Protein chains: 2
Amino acid sequence: MERELLLLGFLRREQAHGYRLNEFIEREMATCTDIKKPTAYFLLAKMAKQGWITMRATREGNRPLRRVYRLTAKGEAQYQQLLRENLASFIEAKFPGDVGLAYADDLEAQDVLPLLSNRRAALAARLEATRQVPPHAGSLQLLVDHQVLHLETELAWLDQVIARFKRKAKQSQ
Amino acid sequence: MERELLLLGFLRREQAHGYRLNEFIEREMATCTDIKKPTAYFLLAKMAKQGWITMRATREGNRPLRRVYRLTAKGEAQYQQLLRENLASFIEAKFPGDVGLAYADDLEAQDVLPLLSNRRAALAARLEATRQVPPHAGSLQLLVDHQVLHLETELAWLDQVIARFKRKAKQSQ
DNA sequence: TCTTAATTAGTCAATCCTGACTAATTGGAG
DNA sequence: CTCCAATTAGTCAGGATTGACTAATTAAGA
């Protein structure tokens, strides 16, 4: 339900139409979610059906119909509950990159090394980009700090893994 | 495609039926994926359609039909490519728990603290459980080590966050 | 030797998610 | 003032995912 929470939390501050929501998601929340545009519209329609938000269609000129979404009292209650649930629970992160590592021994260590070196470069670039993010207001800065810490840890770990495969390559050579 | 990689990597070692695959996923690969049973069956059927694996129906007694899956040469080639792609790229982890933190300022700091304390307990339990996991063979141990390192980092970070909200609670009090 | 619980094996309807698309408006270069 | 690219706004068909279910087999206790 964290996708719903994300949308409700934004609508709580200001009523908005879908496009502004998607902008917020991409610009500010990229570190914790990757909801795509059609998903956001889908969830908004679902929440409207449940009475958590209202949908008001507006039209300017003959642009495509624009819907303005606004939180209802029921939605506010739901928001409070989802927020508390989210804060009180720990959801484990999954590492899709570990699937490859689990099978890395199927390749020669000499073949694995350049591949991991490529992974390392991508990770280092991501870390650098995140470090360059301008300061965010309030708790949003927490998310950036979290991401930086996480990426630093991943980089250190990846270097250990690479060292392991270097040793292995030397042995078998 | 890391779900397909996961399945192909297992079938490469031994032909197997759906149930054994799901067992492996839950027991050994829980740290890097959360594929559910029907998803695995869906992917197996899709890969069979693509010719990466073959499906042979067997029947013992009058049990429900059991399908044994086996990697084809085409599947082996695909496996090689997916494995190399996975090893060479870095896929960012998402933190659903950060959504709540982003909005934590909507609650009083005094209300946030017990919630985060609950999150901390869940995280600490998860870390302890992962530390207790018996040693795995080869690279599978890498995944466990990765998870432990990650959980340790998360715990340290969460303590920082909690400290932040403690300061905030003291200020507003 | 019943009865119950756990394990083995898989299916299906309903829901969720997104790549690819349409379409109008605005900004700016020439 | 015209044309092209970027921005704004949203839709839809099709594919992915899973909760809830069915059903036979085995294990174990009373």
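Residues numbered from 1 in each chain as written. Chains lettered and ligands numbered in written order. Predicted model: local features only at pLDDT ≥ 70, side-chain atom pairs only at ≥ 80, totals over all residues. Heavy atoms only, no water.

**A look at helix α6 (residues 109-132) of chain B**
An ideal rise of 1.5 Å per residue puts 34 Å on 24 residues; α6 of chain B measures up with 34 Å between its terminal C-alpha atoms. For α6 of chain B, the set of buried residues is Ala109, Val112, Leu113, Leu115, Leu116, Arg119, Leu123, Leu127 and Thr130 of chain B. Against α4 (73-88) of chain A together with α5 (97-102) and α7 (140-172) of chain B lie the buried residues of α6 of chain B. (Helix = DSSP H or I, 4+ residues; strand = E, 2+ residues; numbered from the N terminus. Expected span 1.5 Å × (residues − 1). Buried < 20%, exposed > 50% of the residue type's maximum accessible area, 1.4 Å probe, protein only. Contact = heavy atoms within 4.5 Å.)

**So, the domain arrangement of chain A**
All names here are of chain A. Splitting chain A by domain gives domain 1 (2-88) and domain 2 (97-172). Taking only C-alpha atoms, the centre of domain 1 and the centre of domain 2 are 33 Å apart. Domain 1 puts 4 residues into the contact, and the matching count from domain 2 is 4 residues. Taken together, both faces of the contact between domain 1 and domain 2 bury some 370 Å²; the carbon and sulfur share is 63%. Area buried by domain 1 at its contact with domain 2 is led by Glu28, Met29 and Thr31, which between them contribute 84% of it. Inspection of the domain 1/domain 2 interface yields 0 salt bridges. Run the count over domain 1 and domain 2 and you get 1 residue pair in polar contact (both at pLDDT 80 or more). (Domains from an automatic or database assignment. Buried area = accessible area lost by both parts, 1.4 Å probe. Salt bridge = Lys/Arg side-chain N within 4 Å of Asp/Glu carboxyl O. Polar contact = N/O pair within 3.5 Å; in protein donor to acceptor, adjacent residues only side chain to side chain.)

**Some details on the interface of chain A and chain B**
Of the residues lining the interface, 64 residues belong to chain A; the matching set on chain B comes to 64 residues. Around 6300 Å² of area is buried between chain A and chain B when both sides are counted, 62% of it from carbon and sulfur atoms. The three residues of chain A that bury the most area against chain B are Leu87, Phe90 and Tyr103 of chain A, which together make up 13% of that side's buried surface. Linking chain A to chain B there are 6 salt bridges. There are 36 residue pairs in polar contact (both at pLDDT 80 or more) connecting chain A and chain B. Residue assignment for the side of chain A that touches chain B shows that the elements contributing at least two residues are α1 (2-13), α4, α5 (97-102), α6 (109-132) and α7 (140-172) of chain A. When its residues are assigned to classes, the side of chain A that touches chain B shows 34 nonpolar, 15 polar and 15 charged. (Nonpolar A, V, L, I, M, F, W, Y, C, P; charged D, E, K, R; others polar.)

**Section: the sheet that holds strand β3 (residues 66-71) of chain A**
Sheets are built from strands that pair by backbone hydrogen bonding, the pairs being arranged parallel or antiparallel. Residues and elements named next belong to chain A. Pairing in this open sheet of 3 strands is antiparallel, and the strands run β1-β3-β2 from one edge to the other. Looking at strand neighbours, the two that pair on one side only are β1 (16-17) and β2 (53-58), the edges of this open sheet. Across 6 bridges, β2 lies against β3 in antiparallel orientation. Paired with Arg56 across the bridge in β3 is Val68. Along the sheet, helix α3 (residues 37-49) contacts β2 and β3; its crossing angle with β2, the most-contacted strand, is approximately 115 degrees. (Pairing = 2+ DSSP bridges. Axes fitted to C-alpha atoms, helices over the stretch in contact; angles between N-to-C directions.)

**Points about the protein's contact with DNA strand C**
Around DNA strand C lies a shell of 18 residues, among which Pro38 and Thr39 of chain A together with Lys37, Arg66 and Arg67 of chain B are the nearest. Among the atoms of DNA strand C lying within 4 Å of the protein, the sugar-phosphate backbone contributes 68%. At 2.9 Å, a side-chain N or O of Thr39 of chain A approaches a phosphate oxygen of DNA strand C. Here a phosphate oxygen of DNA strand C sits 3.3 Å away from a polar atom, N or O, in the main chain of Gly18 of chain B. When contributions to the surface near DNA strand C are tallied by element, the ones reaching two or more residues are α3 of chain A together with α2 (18-28), α3 (37-49) and β3 (66-71) of chain B. When residues in the surface near DNA strand C are grouped by element, the largest group, 4 residues, is from α3 of chain A. Of the residues belonging to the surface near DNA strand C, the class tally is 6 nonpolar, 4 polar and 8 charged. (Near = heavy atom within 4 Å.)

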